[in-house]
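If you want the building blocks of each chain, they are given just below.
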Amino acid sequence: MVRMATSKGACEIPDELIRALTEFAEQKEAAVAEILQRVGFAPDVDPPLPRALLLELGAMMMFASWEDQGLDQHLRAYFPAIEAATQEFGRRCREGDQAFSDPSDVPSSRLAIRIFVQHFAWEAKDHLGAAMLVKAGEDDRLVDALANFLWENRYQLSQVLESHHDD
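How each quantity is defined
Residues numbered from 1 in each chain as written. Predicted model: local features only at pLDDT ≥ 70, side-chain atom pairs only at ≥ 80, totals over all residues. Heavy atoms only, no water. Helix = DSSP H or I, 4+ residues; strand = E, 2+ residues; numbered from the N terminus. Contact = heavy atoms within 4.5 Å. Areas by Shrake-Rupley, 256 points an atom, 1.4 Å probe, with all protein chains shown as cover. Salt bridge = Lys/Arg side-chain N within 4 Å of Asp/Glu carboxyl O. Buried < 20%, exposed > 50% of the residue type's maximum accessible area, 1.4 Å probe, protein only. Axes fitted to C-alpha atoms, helices over the stretch in contact; angles between N-to-C directions. Parallel < 35°, antiparallel > 145°, perpendicular 65-115°, else oblique. Left-handed = near helix turned anticlockwise from the far one by under 90°. Nonpolar A, V, L, I, M, F, W, Y, C, P; charged D, E, K, R; others polar. Expected span 1.5 Å × (residues − 1). Phe/Tyr/Trp six-rings, centres within 6.5 Å; stacked < 30°, edge-to-face > 60°.

## A look at the overall build of the protein chain
Turning to step 1, where the next piece is worked out: On a plain count of helices and strands, the protein chain comes out with eight helices and two strands.
Turning to step 2, where the next piece is worked out: When the elements of the protein chain are put in sequence order from the N terminus, they spell out β-β-α-α-α-α-α-α-α-α.
Turning to step 3, where the next piece is worked out: In the protein chain, 57% of the contacts between residues at least 6 apart in sequence involve partners at least 24 apart.
Turning to step 4, where the next piece is worked out: Carbon and sulfur atoms make up 55% of the accessible area of the protein chain, which totals about 11800 Å².

Listed below in structure tokens is the structure:
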């Protein structure tokens, strides 16, 4: 647990959240690096890109990834449609470096992080091998459904766990 002082008092950040945000940032970084390589950007030769531009590009790619996974229908109320976000990003790109000169002016990146923290199960990828969206207000139903699934599949799961333990 990390304790951080803020203007509103002390804030404790769980280790699970720190690990999840680190992985989230690494995913964004890898996605941005991949797209830059695809378009022929060479960091050793080309001038450095503004940090804010890279962060916003990462957010655009996360939004697109969520849409590709079908999560946009559940999150539509929490982030602009990918088309609107893309248009805003394009508008800023056309303004040039000035539009990305302030490294803290990253509204899409902040929004992507807020959505991830508030609506995703932070450790789902580690434990389940997939992202898991947790819809607010449905915690009891989720727990009941998970309990029913585990109970109904207890024999198969025990066999899987035993075979995994033997390896």
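What follows continues from the structure just given.
## Looking at the pattern of salt bridges
Turning to step 1, where the next piece is worked out: For the coordinates displayed, the defined rule picks out five salt bridges.
Turning to step 2, where the next piece is worked out: Between Arg91 and Glu95 there is a salt bridge, with the nearest N and O atoms lying 2.2 Å from each other. Here the residue Arg91 and the residue Glu95 both occupy positions in helix α4 (residues 82-95), the gap between them amounting to four residues, near one helical turn.
Turning to step 3, where the next piece is worked out: Under the relative-accessibility criterion, Glu95 is labelled partly exposed at 46%.
Turning to step 4, where the next piece is worked out: By sharing partners, the salt bridges in this structure join Glu56, Arg92 and Asp105 into a single network.

## With respect to the environment of Phe100
Turning to step 1, where the next piece is worked out: On the secondary structure map, Phe100 appears in the loop between α4 and α5 (107-119).
Turning to step 2, where the next piece is worked out: In sequence terms Phe100 and Leu55 are 45 residues apart; their C-alpha atoms lie 9.9 Å from each other.
Turning to step 3, where the next piece is worked out: Excluding residues that lie within four positions of it along the chain, Phe100 makes contacts with Pro50, Ala52, Leu53, Glu56, Phe89, Arg92 and Cys93.

## Some remarks on the packing of helix α2 (residues 51-68) against α4
Turning to step 1, where the next piece is worked out: Running from N to C, α2 and α4 point in directions that differ by 160°, and their axes come no closer than 10 Å. By the angle class used here, α2 and α4 are roughly antiparallel. The way α2 lies across α4 gives a crossing that is left-handed. Contacts between α2 and α4 involve Leu53, Glu56, Leu57, Met60, Phe63, Ala64 and Glu67 on the former and, on the latter, Ile82, Glu83, Ala85, Thr86, Phe89, Arg92 and Cys93.
Turning to step 2, where the next piece is worked out: Class assignment of the residues belonging to the contact of α2 with α4 gives a composition of nine nonpolar, one polar and four charged.

## Details of α2
Turning to step 1, where the next piece is worked out: Taking 1.5 Å per residue, 18 residues should reach 26 Å; α2 reaches 26 Å between its end C-alpha atoms and fits that length.
Turning to step 2, where the next piece is worked out: Every buried residue of α2 is listed here: Ala52, Leu53, Glu56, Leu57, Gly58, Ala59, Met60, Met62, Phe63 and Trp66.
Turning to step 3, where the next piece is worked out: As for α2, its buried residues are in contact with α1 (15-38), α3 (72-75), α4 and α5.
Turning to step 4, where the next piece is worked out: Where α2 ends, the next residue or the one after it, Gly70, has phi of about 80°, a positive value.

## What about the packing of aromatic side chains?
Each aromatic ring pair is summarised here by two numbers: the centre-to-centre distance and the angle between the ring planes.
Turning to step 1, where the next piece is worked out: Applying the stated criterion across every chain yields a total of four aromatic pairs.
Turning to step 2, where the next piece is worked out: Geometrically, the ring pair formed by Phe24 and Trp66 is stacked, given 6.4 Å between the ring centres and 25° between the ring planes. Taken together, the positions of Phe24 in helix α1 and Trp66 in helix α2 put the pair 42 residues apart, joining distant regions of the chain.
Turning to step 3, where the next piece is worked out: Note on Phe24: relative accessible area 3%, which makes it buried.
Turning to step 4, where the next piece is worked out: Both rings, one in Phe24 and one in Phe116, keep their centres 4.6 Å apart while their planes meet at 20°; by these two values the pair is stacked. Highlighted residues: Phe24 in helix α1 and Phe116 in helix α5, separated in sequence by 92 residues.
Turning to step 5, where the next piece is worked out: Ring pairing ties together the aromatic residues Phe24, Phe63, Trp66 and Phe116, which thus form one cluster.

By themselves, these figures tell us nothing about what the structure is for.
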